[in-house]
Structure formats: structure tokens, C-alpha cells
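Topology and contacts: notes
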Amino acid sequence: MWLTIALLSAIFFGIVHVMDSYCVDHVLEKPFIGMITSAIASSVVFLAIPFTLPILVPIQMPSIKIIVFCLSAGALIQINQALYFKALSYSEAGTVAGYWNMVPAFLPIVSFFYFGEVLEDSNYIGLYLIVMASVGLCLLDNKTKGSFVAFLLILFGTSLQITALLLMKIIFDEIQYFVGFILITTGMILMGLSPLMLQNFRRVFVSNLTKLAPAMHLFIIVEIVNLLAYGFLEKAIHIGGNPSLVAAIDATTSGFTFIFSIFFFFVSKKFGDIRSQENLGLKFINVGVMVMGVLMVS
């Protein structure tokens, strides 16, 4: 069951990568604006949940420690959003999605030291294949100006994502899934709105409101899909209990991103990225290697 849910997360993340790439290229002037619009859109979508959920599910209040962990996990995810938007300004969506596959490569090492988790030999071989495929994607993208900068941004984001996933394991071992989801999303919203506390950031955001307002419906749609993606990711960790394996399955996001990028480009000529068609055969070979790695860790 957790495997299917993790794959659904990867599918939705693939759609988000393509739509966000369009927003970065055509709507957002600065990467931090993506954080703010994401937080505002999340607030609109998320506003009714805390009031309607207690009617559907009995709520048990977690400890202060778990609340702090939830808010911290959400904040780290939102910081990753800013790094991710910045990376999209340097490289195309499919390649940026591929860089995130460093998460399942390093997560088992960190999990071993923190939780004493040991995977099977086939799992480690699969993770090795994922790393090699991620490096391959980086090399294929070396003709794109600033691609190495995108790689470094996601490399830093990888450490934040690993921390967030480990926090999720602790969180969902102790509290209900829906409570954890609400609190983590709250952390994402609070961190996303935090740049507005600084005058320089607030001035830039306000100056872009005229351009942002017509696209707000798009931000809301993307954020609904994004929340679904994170919701499925958190549910997979809640059910499966092993962040390393869930992150490995989520590595298929790059494959879905390439597919959606090509599909949307041919269908709409608006979304998707023509750069995704460069070295297409070699990119899909790398994606195929990732899929082999994912099968070995699943």
C-alpha cells in the first residue's frame, strides 16, 4: 500500500515541477516570491481544514516537542521550495527533479547513524544506481548555463530534505497522520510568509502584485497538487515507516517530470520545456537506471 501512495506522490510532484518551471520562467521575478505565493495559495486551500477535520477525525493534541518538530519540518520544506525555484531558473524541470534523487542516496546513511536502520544489500545497490543516474543527468545538462549552480542548490536542499524526512518519521511514529499533516503544512505556510517581514522583500513582492494577480488561480491549482504530493509522501512514511525506501520510490519523480514536460509542451506549447528534449534518449536511459534502482529498493 505504501508503495502505491509513494508513486502517487512522485506523479503529483512531477506535475508540480513542470508547472513551477513555467511560473519561474514567465511569472516569478525572484525565487523567494515563489515561496510567498506558495504559502498564500496553501493558506487559501488549507484554511478550512483545521475547522472541518475535527468533525471527521477525533483530534489528539501532540506534545510541544512534536509540534516543534512538525513546524520545523514544514519550515525546512518551504526553504527547499526557495532553493528549488532558484534552481529552476538555471536548469530545466526534469533535470532539477533528477538532482533530488540524491536524497534517497544519502538518507540511508543518516538513518543508520540516527536510528540504526540497516537495509538489504539489493537496496544499497539500487541507491547506488540512483546516484549514478543523478550524476548522469547533471552531466547531460552541462550545456545549460548555470546547471552546476542548480546542482549545488539542490545538493544543499538535499540535506534539508533529509532532515525533514527524518523528523517526519519521528512525528508519525507518535501522532495521527492528519494532525501531523496539518502542523507540517502550517510550518510551510509560516516560513513561506516570513520574507514579508523584511521591508526589501515586501517591497519587491508588492511591486510584482500586478503581474502575480492574474496568475493566482494557477498558483492555487499548483499548490493543491503540491499539497497532494506532500500529503501522499507523508502518508507513505506514516504507513511504511521507512523514510529511506519512501524517498527512493519518490525518486521516480524525475521520470514523470520528463514525461509530463514533453507531453504538456506538445499539447499546449505553454507548459513544459523544449530543453527537456535535448539528449532525450540519454536522459531516459538515466531515468531507466533510476527505475531499476527504485525496483531494487522497493
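It should be noted that the structure appears before, not after, this text.
These notes cover the structure that comes with them. For every chain, the first residue of the written sequence is number 1, and numbering continues from 1 along that sequence. It should be noted that, the model being predicted, local features are given only for residues of pLDDT at least 70 and side-chain atom pairs only at 80 or more, the latter also being counted only at that level, while totals for whole chains, interfaces and linings use all residues. The side-chain quantities take in all heavy atoms of the structure and omit both hydrogens and water.

Considering the overall build of the protein chain
Runs of H or I in DSSP of at least four residues are treated as helices and runs of E of at least two as strands, each being numbered from the N terminus. Of the regular secondary structure elements, the protein chain holds 15 helices and zero strands. For every residue, the accessible area obtained with a 1.4 Å probe (protein chains only) is divided by the maximum for its type, and the residue is called buried under 20%, exposed over 50%, and partly exposed between those limits. Looking at the protein chain residue by residue over its 298 residues, the buried ones come to 54%. Partitioning the intrachain contacts of the protein chain with sequence separation of at least 6 by distance along the chain shows that 88% fall at a separation of at least 24. Only the protein chains shown count as cover for residues, with accessible areas throughout obtained via the Shrake-Rupley method and a probe of 1.4 Å. Carbon and sulfur atoms provide 72% of the accessible area of the protein chain, an area that totals close to 13,100 Å². The contact criterion used throughout is that any non-hydrogen atoms of two residues lie within 4.5 Å.

Describing the side chain of Ser42
Structurally, Ser42 is set in helix 2 (residues 31-46). The buried category is assigned to Ser42, whose relative accessible area is 2%. Polar contacts, as used here, are pairs of N or O atoms within 3.5 Å; protein pairs need one atom able to donate a hydrogen and one able to accept it. Residues neighboring in sequence count only if both atoms are side-chain atoms. One polar contact links Ser42 to Glu223, side chain to side chain, over a distance of 2.7 Å.

What to know about the nonpolar core
Among the nonpolar cores identified, the biggest contains 77 residues, and Leu28, Leu165, Ile171, Ile184 and Phe219 are the most heavily contacted of them. At 13 residues, the largest contribution of residues to this core is made by helix 8 (residues 147-172). Dropping the residues within four chain positions of it, Leu28 is found in contact with Cys23, Ile33, Gly34, Thr37, Phe85, Leu212 and Phe219. Here, nonpolar core refers to any group of buried Ala, Val, Leu, Ile, Met, Phe, Trp, Tyr and Cys residues whose side-chain atoms link them within 4.5 Å.

Focus on the packing of aromatic side chains
Only Phe, Tyr and Trp rings take part, Trp by its six-membered ring, and two of them pair if their centres are within 6.5 Å. Stacked means planes under 30 degrees apart, edge-to-face means over 60, and tilted covers everything else. Throughout the structure, instances matching the rule amount to six aromatic pairs. For the pair Phe13 and Tyr230, a centre-to-centre distance of 4.8 Å together with 85° between the ring planes defines the contact as edge-to-face. Here Phe13 is found in helix 1 (residues 2-26), whereas its partner Tyr230 is found in helix 12 (residues 216-240), with 217 residues between them in sequence. There is no split in this pair, since Phe13 and Tyr230 are both buried. Grouped by ring-pair contacts, the aromatic residues Phe172, Tyr177, Phe178 and Phe181 constitute a single cluster. One residue, Lys235, lies across the ring of Tyr177, its end atom 4.7 Å from the ring centre. A ring has a charge above it when a Lys NZ or an Arg CZ is no more than 6 Å from the ring centre and no more than 35 degrees off the ring normal.

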